[in-house]
Structure formats: structure tokens, C-alpha cells
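A look at the structure
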Amino acid sequence: MTIATSTQVVLASRPTGRPTVDNFRIEQAALPATPPNGVLLRVLYLSLDPYMRGRMDARKSYAPAVEIDQKMTGEAVAEVVESRHPDYRVGELVLAPTGWCDYAVIDATGLRKVDPALSSPSARLGVLGMPGFTAYSGLMLIGQPKAGDTVVVAAASGPVGSLVGQLAQMAGARAIGIAGGADKCRYVKDELGFDAAIDHRAPDMADQLAAACPGGIDVYFENVGGKIWQAVLPLLNRFARVPVCGLIAQYSGADENVDDRLSVTMRQILTKSLLVRGFINYEFADEHYPEFLRVISDGIRAGRILHKEDVVEGLEKAPEAFLGMLEGKNFGKVVVRVATA
Ligand code: NDP
């Protein structure tokens with residue numbers, strides 16, 4: 001099949017502080033011919049993830065920034081439309097770094113296949129994909145929850161946080177979730193079964209957190225930073241583990257109401273012998289990805305692990321949905337349905 005053009009979302013300008021829809025532009029781009037070992041892909045589901053906010057800035061990070069006028073980076077579940085690679089057949093589904101677009105031509109070396117018998121395809125972008133693996137590796141390898149521990153995680157209704165809490169409970173720990181608003185808190189406590197859920201918008205959030213953790217906190221899975229880290233810090237027990245996964249509250253600038261002096265943090269790290277370890281999920285992938293897929297898909301099949309998706313219809317809605325996610329308007333893993341299989 002010949003597809004000549006792709007609709008894509010590009011970075012039109014760099015944001016100062018909070019991004020807006022004007023930082024994006026939707027345009028048509030010519031597709032190159034499929035090269036040897038390449039595939040032409042039709043995007044079915046595009047993943048929207050908080051890390052993409054970092055790619056909009058020019059500052060140095062663990063991955064390069066998106067250049068102005070270049071397509072936004074991102075992962076998708078896509079269907080092979082044309083293949084010049086011996087391992088991929090037309091009609092197969094793959095996980096691929098297509099970026100924000102409807103069609104892409106890429107080198108197929110190293111792509112992961114998506115088995116529709118294992119899960120719904122879009123789950124490979126959430127609970128059974130990068131966010132799920134982030135929760136699994138960060139909690140199990142760094143947080144190491146034990147029976148009787150208290151584990152706290154924020155953004156608790158999202159793909160990372162919701163799995164962190166459920167895995168903590170499977171390890172016999174108490175799971176305390178922090179989320180934005182009554183609906184998300186109800187979901188976290190009543191449907192996911194966390195031991196408690198606290199609304200971070202409540203003026204007495206820090207007091208509620210202290211009351212929910214009478215024996216202190218043994219594992220704090222850091223997803224947001226800002227005022228939640230400030231509320232957690234004094235509650236950490238000796239030898240607490242803090243997998244530092246993400247700081248979404250700080251991605252578009254600091255909150256001036258937060259006392260984030262490094263010295264306060266560092267004194268706690270020293271006097272409580274805290275183990276604080278930042279991580280990017282893929283550093284564990286070679287050793288642990290297959291075991292993650294097995295454990296989590298077994299858990300889903302047995303009904304022990306629940307997950308929620310927030311499906312947005314149409315590529316042109318991607319910028320608005322992405323900005324909404326940065327502010328917590330999403331409820332569950334955000335995927336954009338770009339086409340139907
Ligand atoms: P979510 O789908 O949960 O979406 C982000 C959520 O963050 C929002 O829905 C919102 O939930 C919450 N949030 C936004 N701003 C604030 C704030 N100021 N205070 C408190 N909560 C806020 O995201 P993911 O589960 O995909 O990601 C969670 C974290 O994990 C992010 O920080 C992300 O960058 C990080 N991450 C790190 C990876 C790694 O390899 N280290 C890989 C993947 C993700 P609410 O309404 O509940 O506040």
C-alpha cells in the first residue's frame with residue numbers, strides 16, 4: 001500500500017512555564033519510501049506521557065529535546081501496513097516510537113510486537129507498557145516493600161501510581177494514595193482498594209497524610225515532588241526507601257509556596273539514613289521486562305490488578321489532552337485513538 005503523507009503534531013514553539021495549545025501545530029508531512037529493514041506503520045493508539053513536557057524544553061536531560069518544527073516524540077501501538085523487515089508481517093501490531101502522527105516509516109530493528117491475545121492493544125502503552133514497567137521496576141527493585149510497610153504514592157489514579165499501590169498491597173504493605181479531587185480518591189480507595197486516599201487539593205493535605213500514616217512512611221514512591229514531597233519528608237521512617245520516579249508538579253516551574261531547600265531534604269536523608277535513588281525505567285528493562293509482563297498480565301487476568309484508560313478520540317485532540325494531563329484533567333492512562341484496527 002502507498003501512503004504519501006502523514007498528519008503530525010509538531011512543536012511550534014517552546015513554552016515558558018505552562019505550555020499552551022499554541023506551542024503545537026498540526027501539519028501534513030511527506031512520508032519517505034520504506035527503506036530496507038523498515039516498516040510503514042498506521043498508528044492505532046498514541047500514548048501521552050508526562051515526560052513529553054520535558055522534551056518541549058531546550059534544557060539538557062537524559063534524552064534530547066524535540067527541536068522546533070519537529071514532530072513530538074511518543075510511543076504508539078501501530079499496525080504494520082508495509083514491511084521490508086523479515087521479522088514483521090503486514091497486519092501485525094507493534095510498539096513503536098512513531099511520534100505524534102497517524103502514519104510513520106521507521107527502522108523496525110528492535111521493535112516489540114503486541115500480542116492481542118495478551119491484552120487489549122492500548123494496555124501495552126499503560127499498565128502493560130512503559131508506565132507499568134516504571135511502577136514495577138521502581139517499586140520492586142528500589143522501594144522493596146515488605147509486609148507491614150506503609151507505601152505512599154501520588155498521581156495514584158494514573159498508570160504508574162495505580163500499579164504502585166496495587167503491587168505494594170500484593171507485597172503485604174499498606175498503600176496510601178494521593179490524588180486530585182473526590183472522584184479520583186474514591187476510585188483509588190474503593191475500586192483499586194488502597195487503604196486510604198488523600199486529596200492533594202485539600203488545605204489540610206499534610207495533616208490528613210500524617211493521620212493516614214500513624215507509623216510513618218517506609219516507601220515513598222516519588223511521582224510529583226512539590227508540596228507533596230514537603231508533606232512526606234517529615235513522616236519518613238529510618239531506612240525509608242524513596243524511588244524518585246517523576247516530579248510532575250515541577251515540570252512547568254517551581255511552586256512558590258513550597259519550601260524546597262535542598263538542605264532540608266538533605267538533612268533528612270542524612271539523619272534517617274534514607275536511600276534515595278532516581279531511575280529511568282529502561283535501565284532495568286533487559287533484566288526485568290519479561291518477568292514484569294508475566295506478573296502483571298497474570299494479575300490482570302486473575303482480577304487482582306485493575307487499570308483505567310482515558311481514551312481521547314483523534315490525533316488533533318492530542319495537544320489539548322496532553323496539557324490536560326499535566327494539570328490532572330485525565331482520569332487514567334491517556335491514550336489517543338488515532339485509528340481503529
Ligand atoms: P498520570 O497519567 O498519572 O498523569 C499525571 C498526573 O499527575 C495527573 O493526572 C495529576 O493527577 C498529577 N499531577 C499533575 N500535577 C500535579 C501536582 N501539582 N500535584 C500533584 N499531582 C499532580 O501520569 P503517569 O502515571 O504516566 O506518570 C506519573 C509520574 O511518573 C510522572 O511524574 C512521570 O513523569 C513519571 N514517570 C517516570 C518514568 C521514569 O522512568 N522515571 C516513566 C514514566 C513516568 P491528580 O489529578 O491526581 O493530581
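Definitions and limits used
Residues numbered from 1 in each chain as written. Predicted model: local features only at pLDDT ≥ 70, side-chain atom pairs only at ≥ 80, totals over all residues. Heavy atoms only, no water. Helix = DSSP H or I, 4+ residues; strand = E, 2+ residues; numbered from the N terminus. Rg over C-alpha atoms; globule rule 2.2 N^0.38 Å. Buried < 20%, exposed > 50% of the residue type's maximum accessible area, 1.4 Å probe, protein only. Contact = heavy atoms within 4.5 Å. Areas by Shrake-Rupley, 256 points an atom, 1.4 Å probe, with all protein chains shown as cover. Lys, Arg positive; Asp, Glu negative; His and termini not counted. Charge placed at Lys NZ, Arg CZ, Asp CG, Glu CD. Pairing = 2+ DSSP bridges. Right-handed = clockwise from strand over helix to strand, strands pointing away. Domains from an automatic or database assignment. Buried area = accessible area lost by both parts, 1.4 Å probe. Salt bridge = Lys/Arg side-chain N within 4 Å of Asp/Glu carboxyl O. Polar contact = N/O pair within 3.5 Å; in protein donor to acceptor, adjacent residues only side chain to side chain. Nonpolar A, V, L, I, M, F, W, Y, C, P; charged D, E, K, R; others polar. Near = heavy atom within 4 Å. Disulfide = S-S within 2.5 Å. Arc of directions from axis to C-beta.

A word on the overall build of the protein
What the protein contains, in helices and strands, is nine helices and 15 strands. Against the globule reference of 20 Å for 341 residues, the protein gives a C-alpha radius of gyration of 20 Å, in line with a compact fold. Taken along the three principal axes of its C-alpha coordinates, the protein extends 65 × 45 × 35 Å. The buried share of the protein, reckoned over its 341 residues, is 52%. Across the protein, every contact between residues at least 6 apart in sequence was considered, and the portion connecting residues at least 24 apart equals 68%. Roughly 15,400 Å² of accessible area belongs to the protein as shown, and the carbon and sulfur atoms make up 52% of that amount. If the 35 positive side-chain charges of the protein are averaged to one point and the 39 negative ones to another, these points end up 3 Å apart.

Section: the pairing of strand S15 (residues 333–337)
Counted residue by residue, S15 has four buried out of five residues, so it is predominantly covered. Inspection of the sheet shows strand S3 (residues 38–47) paired to S15 by three bridges, in the antiparallel sense. Within S15, the position partnered with Tyr 45 by the bridge is Arg 337. Read from strand S14 (residues 309–313) through helix H9 (residues 318–326) to S15, the crossover connection turns out right-handed.

Some points on helix H2 (residues 130–143)
When you tally the buried positions in H2, you get eleven out of 14 residues, the bulk of the element. Taken together, the buried positions of H2 are Pro 131, Gly 132, Phe 133, Thr 134, Ala 135, Tyr 136, Ser 137, Gly 138, Leu 139, Ile 142 and Gly 143.

So, the domain arrangement of the protein
Split into domains, the protein comes out as domain 1 (5–126 + 307–337) and domain 2 (130–281). Here the C-alpha centroids of domain 1 and domain 2 sit 28 Å apart. Counting residues at the interface gives 22 residues for domain 1, matched by twelve residues for domain 2. Carbon and sulfur atoms supply 62% of the area buried between domain 1 and domain 2, which totals about 1,400 Å² over both sides. At the junction of domain 1 and domain 2, the tally comes to zero salt bridges. There are four residue pairs in polar contact (both at pLDDT 80 or more) connecting domain 1 and domain 2. Listing elements by their share of the side of domain 1 that touches domain 2, those giving two or more residues are helix H1 (51–55) and H9. Each residue belonging to the side of domain 1 that touches domain 2 can be placed in one class, and the counts come to eight nonpolar, six polar and eight charged.

As for the environment of Pro 214
On the secondary structure map, Pro 214 appears in the loop between helix H5 (205–212) and strand S11 (217–221). Counting along the chain gives 21 residues from Pro 214 to Leu 235, while the straight-line C-alpha distance between them is 9.0 Å.

Quick look at the site of the ligand
Taken together, 27 residues sit near the ligand, with Lys 184, His 200, Asn 223, Tyr 251 and Asn 330 positioned nearest. In this structure, Cys 245 approaches the ligand through a main-chain N or O atom, which is 2.9 Å from a nitrogen atom. Between the ligand and Leu 326 there is a distance of 3.5 Å, counted from a nitrogen atom to a backbone nitrogen or oxygen. About the coverage of the ligand: the protein hides 92% of its 910 Å² of free accessible area. The set of elements that each furnish at least two residues to the shell around the ligand consists of H2, helix H3 (159–170) and H9. Residue-level mapping places the shell around the ligand at the junction of two domains, with at least three residues from each of domain 1 (5–126 + 307–337) and domain 2 (130–281).

Describing the state of the cysteines
One pass over the structure, following the stated rule, counts zero disulfides. Cys 245 takes part in no disulfide bond, and the closest cysteine sulfur, belonging to Cys 213, lies 19 Å away.

Observations regarding the environment of Thr 109
Tracing the backbone shows Thr 109 in the loop between strand S6 (103–107) and strand S7 (112–114). Under the relative-accessibility criterion, Thr 109 is labelled exposed at 56%. Beyond its immediate stretch of four places on either side in the chain, Thr 109 contacts Asn 37 and His 85. A polar contact is formed between the side chain of Thr 109 and the side chain of Asp 107, at a distance of 2.7 Å.

Some remarks on H5
Of all the positions in H5, only Met 205, Leu 209 and Ala 212 are classed as buried. Down the axis of H5, the buried side of the element spans an arc of 65°, and every buried residue falls inside it. Set apart from the buried face of H5 by more than 90 degrees, the exposed residues are Asp 207 and Ala 211. Where H5 is buried, its residues contact strand S8 (150–154), strand S9 (174–179), strand S10 (196–199) and helix H6 (226–232).

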